[in-house]
Amino acid sequence: MFEGFSSIILNIDFYAAIVRMSTPLLLGAIGSLMAERAGIVTFSMESMMLMGTVGGIIGSGLMNNAWAGVGLAIIFGVLIGLIYGIWAVSIGSHQIVTSVGLNLGSLGITSILYALTFMKGGEVVEEIIKVPTLPITKIPLLGDIPFIGPVFFNHYPLVYVGYLLVPMVWYILYKTTWGLKVRAVGEHPHAADTVGISVIKVRYQTLILSGAFSGLAGAFLSICMLGSFQENMTAGRGFIAYTAIVFGKWQPIGVALGTLLFGAADALQLRIQAMNENIPYQFLIMLPYVVTMIALISVVGRASWPAASGLPFKREEG
Amino acid sequence: MTEPILRLENVRKTFPGVIANDQVYLDIRVGEIHALLGENGAGKSTLMNCLYGVYRPDGGKIFWKGKEVDIYQARDAIALGIGMVHQHFKLVPPLTVTENVVLGLPSKREPFLDVKTLDKEIGEIAKRYGFDIDPTAQIWQLPVGVQQRVEILKALYRKAELLILDEPTAVLTPQEVEELFSVLKNLTKMGLSIIFITHKLEEVMAVCDRVTVLRLGKVIDTVNTSDTSTRELAKMMVGREVFMTVNKPELVPGEVVLKLNAVSALDNRGLKAVNDISLEVRRNEILGIAGVDGNGQTELAEVVTGLRPATGGKVEILGKEATNRSPLEIMEMGVAYIPPDRQHTGLLMDFSITENLIGKSYYEEPISKKGVFQKDAVNTFTEKAIKDYDVRTPGPELKAKSLSGGNQQKVVLARELSSNPDLLVAAQPVRGLDVGATEYVHDRMVEARSKGAAILLISTELEEILSLSDRIAVMFEGKIMGILPGKNADIHEIGAMMAGVHQTESGTVVREAEKPL
Amino acid sequence: MNKESKIKEIWTAYLDKSFSITVPLAAILLAFLVSGIIMLIWGANPLEAYEALFAGAFGSPNAFATTLERTTPLIFTGLAVTLGYRCGFFNVGAEGQLYMGAIAAIWVGIMLPNLTGWILIPLAALASAFMGVLWISIPAFLKAKRGINEVLTTLLMNYIAIQYFEWEIRVDHFKEGVLDYYGNVPEWGFLNYFIGLKDPTQPYPKTPLLTDNTFMPSLKRLMELPFVENLFGNMVWYQEFVKVPAIGRMTLTPVLGLITAGLLFFLLFRTVTGYKARAVGINPAAAKFMGINVPNTLLTTALISGALGGLAGGMEVLGTQHRVIPNFLVSAGFDGIPVALIGGLHPFGALLSAVFFGALRAGSNRMQVVTTIPVAVVYIIQALAILFAIAGTTIDFQAILKKNRLKRAAAKKAALEAAHAGEGEASRV
């Protein structure tokens, strides 16, 4: 058992797999971090990702070009972001309940869109459709560094988007006027309102970004890793990404580390399973959740919640 | 004389059923501190909100530097050069001073935020105005007085020429008030004009050049502070209204029901709100606590009812120790409580009238037996309460929020008084009620007094205190300034004590003349 | 009071009461309408589809049995969410409680196979409720005593539960004399005896089928009771009825769901406990003013909510599946949330909306066969119903109406004043 375990962790592929498994979580979580910081609970990430998966397949399949799939995945994600905005921001309904509705809805919509697109003469296609996938792209020079190269720089292009996203979101949040608005809106929307910031507008803007990157995360699942679609193929990854945001205490670096932890648990689990030995890998998958739970219980975990999280904004009127 | 920076002409603002402001004329001169004085509900905040674009006035004109202007939203007011420091600061706690100050403004290198340069710039501006502020500190780390200066800095950074301060001293310690005053005086020397909203007379005299007194939404007068006195201002502020007459039988107070001995407590911010208060309330007696809102009255009521821990002293109810007991235990000692906020704590708006009526007897027989409600008993109780207290409703199963304010308060009264309590703590029992409902509530309280209850009445409405109380205690900054007889009380003496101007020599000792009959 | 204002008040009262029923009904109707458009795009006839859907859910004894099977766990999870929500505890963890409850019922069934059903079934149900309580206790305690957001903690507990479940059904259960799949004689071990629930004779993660003394009594069993048979045995309808296979699948569990809903209604609206819970859910500050101990009330309510979540799993095991496999009941826990909300957070509402959800799931296969519309369309119908219902309850229609009325009144008054002013001018001329 120990030998098997060491054979896993001594293998470079394992580390590359961690990066690969973390990417959809990272894209979703970091992309939605701005909406979270603006005070929106992005429980809806699951549906945005799911729409992204089917968007990727449809775009890639129809245009015979994986990049068209990426584009359509983003559009689909943004659409869900806007619908979520109508409910969560404009109407002001309960965000988690709305998300539950959206998640259920996209479960249906994705299957129908998929079936509609690949219907043959009025008949639903039974076999799995394969569409063009994004190629693994090795980064010149960096990709040749021993260990570092194969682990970090020999991946699908969207992995590199994830790398860039972390510092970019950090920069946007802390070093731009818009990022300042986002943070203010999430902490004290009425204060933001009195200095002339449109709380509603900022929240919609962050939701568009959340939708776009969650859509991208979905595309990663469908047109990078598989090249085909399955019903409910995100399988709760949106919720896991949401957990990673909480785990990372709403800080870009922390959230990125959170997604890595979940990705690592997943990668390790798959390998242990493949060894076909009776090792309770389930506890391994459980670990990140337990860690998050403990992080929540500790006092530090409580202070980082954006103050206006989940609360609809309404101007006090006379 | 130069053109005033701001002039209001005949401004009028009404809400459904209420005239908040009417025929308001006001002019603010360049470089003056102008006090806007008035009791709670006199229309000061509404007026300023009209000025800051939160509300739209229904009539009248606003002139800025001689030109008529329309202010639709806060942004317009800011653009004109009006800055407002709200009573509850509009600062984002986890952001730094600099981030709060520049929030919402485009930067020089849009869209990028050059934090370091800005920190330096803000630091320099702060220094220019004599503020000792670290621009990189996060707001939550700063004391309240400094936070207020950040608010002022925020307005100045937006090139404000007129600064509106809404009750700026409400949250400050006396030292911080001193500092604020010197800051304000300094600012006017630099050419700024300031509107200082307050209900505290001594502050008007201490720092303001002129004062406009508002009462019931109307301007009473504008005078120079050098030409007036606190007594005169108090008179203008409180007015000489015809007092409501309440038929109150002469009764001899009985045994002591509530006894407070050197009680102290903190408010929600952890500041001392109730400071060493001792008093007694007897059967068949109404003790009115007068005072301007926020001087510790609510906290006092909460200590008595067990909702707020006392940090010192002793509470006794009918001779039994009641300090820091749970609200339920105190309820069972025969204490009833009419909370000041009907909407949020007095009633459960989404509960039916029935469910609200049984809000204090739900766990007792015959309303419930072994934890199960007895429908017949509940119905009998409800029907009787609705009839006894004249609650106007199509049916008891309706939600409380469907009732008018007066009927809601009748439900509260029915809930609290139907058990014939020994002590009734009534905090702002008629706030927001019309004349008829007010009269009804007062009659009920007098009736409870006749039945032998001791009543602790807390109100910011002086009229109410004067017409109901057997004795009047005036509270100021958590202390009792003095206790006067209710009969023929001198309203001006009370007004002055409410403003903290005058304190009887003997402190809380009741004078001979007012000893109960 | 004059007559007009009296009528107005009665009308307001009526609106107030009917609001909670109208919104979900309108939402469901609207959901069917919008989904109909999707069906048209698909190229199918929505009416035909809905007819097939209905037939698939209620058209035959078999269909009806399937609907009942789908409905039962939803009743329990829906009630779990309803109760929690009423007290201000948003239980997103019914999924995890359900899994743990199922495990507990299986465990009791495996460990005590020789008990008579009269004892075994209630014991297994109790065990599942207990596991549900255990599973919610951490989030409940954290919320009540420390104020930690329960949405996240209950959600996290779901994943922990599911992984624990996945593990437990992969650990061989030791049974004297039973060889494992590879023909080996297993050794007795604590883990294998007390924890493991996997059927050792199977290669896949799967628990053994429980013995039939754990099976919830079915309609068929009831009909075959000697005294029932003696009573009706000669009648034709009886002889026809007992031959219907579906009555073997109609068990007591939906009836228990019905009773539980009734009990919950009683608890919420007829007892002091429920009164306190609802008071805390509406306004904790005001509840405190009424002498209610808010943390304790929260804790009690949340624990009962967890018990209901656990029972959902127990009932599925005892009534329908009698064994568990991975994903044995997909998302019935999560679906408790929409069930509760469309049910207007009322126990009987949850009952009805559970039937609505269950029927949609049950009838969707037939709809697909008849019209080629994929089963997935029922997700859309459900999702739209949730979205419309939540929008309907958030938007304060009455306030908007009132605002408009005030606006109109003000405009009318202004117009009148203007007219008067005009008259004044005119008269002077």
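The rules behind these values
- Residues numbered from 1 in each chain as written.
- Chains lettered and ligands numbered in written order.
- Predicted model: local features only at pLDDT ≥ 70, side-chain atom pairs only at ≥ 80, totals over all residues.
- Heavy atoms only, no water.
- Contact = heavy atoms within 4.5 Å.
- Buried area = accessible area lost by both parts, 1.4 Å probe.
- Salt bridge = Lys/Arg side-chain N within 4 Å of Asp/Glu carboxyl O.
- Polar contact = N/O pair within 3.5 Å; in protein donor to acceptor, adjacent residues only side chain to side chain.
- Helix = DSSP H or I, 4+ residues; strand = E, 2+ residues; numbered from the N terminus.
- Buried < 20%, exposed > 50% of the residue type's maximum accessible area, 1.4 Å probe, protein only.
- Domains from an automatic or database assignment.
- Pairing = 2+ DSSP bridges.
- 1 Å grid on protein atoms, 1.4 Å probe; cavity = no way out; pocket = protein on both sides within 12 Å on 5 of 7 lines; lining within 4 Å.
- Points joined across faces, edges and corners; volume = space filled by probe spheres on them.
- Nonpolar A, V, L, I, M, F, W, Y, C, P; charged D, E, K, R; others polar.
- Axes fitted to C-alpha atoms, helices over the stretch in contact; angles between N-to-C directions.
- Core = buried A, V, L, I, M, F, W, Y, C linked by side-chain atoms within 4.5 Å.

## Things to note about the interface of chain B and chain A
Every contact between the two is made by 27 residues of chain B and, on the other side, 21 residues of chain A. Contact with chain A buries surface across chain B, with Lys90(B), Leu103(B) and Leu113(B) losing the most and accounting together for 28% of the total. With its nearest N and O atoms 2.8 Å apart, the salt bridge here joins Glu99(B) to Arg183(A). Taken together, chain B and chain A are joined by five residue pairs in polar contact (both at pLDDT 80 or more). When residues of the side of chain B that touches chain A are traced back to their parent elements, those giving at least two are α2 (74-80) and α3 (97-102) of chain B. Per-element accounting of the side of chain B that touches chain A gives the leading share, three residues, to α2(B).

## Notes on helix α11 (residues 237-247) of chain A
Counting buried residues in α11(A) gives 10 out of 11 residues, a clear majority hidden from the surface. The secondary structure elements touched by the buried residues of α11(A) are α2 (12-37), α3 (45-63), α5 (95-117), α12 (252-275) and α13 (282-297) of chain A together with α6 (150-168) of chain C. Looking one or two places after α11(A), you find Lys249(A), whose phi comes out positive at around 50 degrees.

## Brief notes about the domain arrangement of chain B
The extent of an interface is frequently quoted as the accessible surface area lost upon association of the parts. Residue and element names in this part refer to chain B. What the domain assignment lists for chain B is domain 1 (6-238), domain 2 (253-334 + 422-517) and domain 3 (347-418). Centre-to-centre, using C-alpha coordinates, domain 2 lies 27 Å away from domain 3. Roughly 980 Å² is buried in total at the junction of domain 2 and domain 3, and carbon and sulfur atoms are behind 73% of that figure. Of all residues in domain 2, the largest losses of buried area upon contact with domain 3 belong to Met 331, Tyr 440 and Arg 444, amounting jointly to 48% of the total for that side. On the surface where domain 2 and domain 3 come into contact, there are zero salt bridges. Viewed at the interface, domain 3 and domain 2 are joined by five residue pairs in polar contact (both at pLDDT 80 or more). Looking at the side of domain 2 that touches domain 3, the elements with two or more residues in it are α10 (327-332) and α15 (435-450). Considering every element that reaches the side of domain 2 that touches domain 3, the biggest residue donor is α15, with five residues.

## Regarding the interface of chain C and chain A
On the side of chain A, 46 residues touch chain C, which itself brings 45 residues to the contact. Contact between chain C and chain A buries roughly 4000 Å² in total, counting both sides, with carbon and sulfur atoms accounting for 81%. Sorting the residues of chain C by area buried against chain A places Trp42(C), Leu152(C) and Tyr159(C) first, and these three jointly supply 15% of that buried surface. Inspection of the chain C/chain A interface yields one residue pair in polar contact (both at pLDDT 80 or more). Only α1 (3-42), α5 (117-146), α6, α15 (332-342), α16 (347-371) and α17 (377-394) of chain C provide two or more residues apiece to the side of chain C that touches chain A.

## Quick look at the pairing of strand β16 (residues 335-338) of chain B
Residues and elements named next belong to chain B. Residue alternation in β16 divides its side chains into two sets, Val 335 and Tyr 337 and Ala 336 and Ile 338, and both sets are buried. Pairing between β16 and strand β19 (residues 423-427): four bridges, direction parallel. In the strand pairing of β19, Ala 336 is matched with Leu 424.

## Side note on empty space enclosed by the protein
In this approach a probe as big as a water molecule rolls over the atoms, and the regions it shows empty are the leftover space. Tallied over the entire structure, the rule returns eight cavities of 30 Å³ or more. Its boundaries defined by the atoms lining it, the largest cavity holds a volume of some 140 Å³. Looking at the largest cavity, it is lined by 15 residues, and the ones nearest its centre are Tyr52(B), Met84(B), Lys154(B), Ala155(B) and Arg158(B). Put simply, the parts of the chain that give the lining of the largest cavity at least two residues each are β6 (82-85) and α5 (144-157) of chain B. Considered class by class, the residues forming the lining of the largest cavity number seven nonpolar, four polar and four charged. Taken as a whole, the second largest cavity encloses approximately 70 Å³ of empty space. Taken together, Thr305(B), Leu307(B), Pro327(B), Ile330(B), Met331(B), Val335(B), Tyr337(B), Lys360(B), Lys288(C) and Phe289(C) make up the full set of residues lining the second largest cavity.

## Structural notes on the sheet that holds strand β7 (residues 162-166) of chain B
Residues and elements named next belong to chain B. An order of β6-β7-β8-β3-β9-β10 is seen for the six strands of this open sheet, with the pairing classed as mixed. A single partner strand is all that each edge strand has here, and the edge strands are β6 and β10 (218-224). Strand-to-strand, the axes of this sheet are offset by a mean angle of 20 degrees, without reference to chain direction. Here strand β9 (residues 210-215) pairs with β10 via six bridges, running antiparallel. If you follow Leu 214 over to β10, its bridge partner there is Val 219. Contacting β6 and β7, α5 runs over the sheet at an angle of about 165 degrees to β6. Along the sheet, helix α8 (residues 230-238) makes contact with β3 (33-37), β9 and β10, crossing β9 at roughly 30 degrees.

## So, the nonpolar core
One finds Phe131(B), Ile152(B), Leu187(B), Leu233(B) and Met367(C) to be the most contacted residues of the largest nonpolar core, which totals 248 residues. Looking at which element gives the most residues to this core, the answer is α17(C), with 13 residues. Formed by 49 residues, the second largest nonpolar core is a distinct cluster that contains Val246(B), Ala336(B), Ala414(B) and Val441(B).

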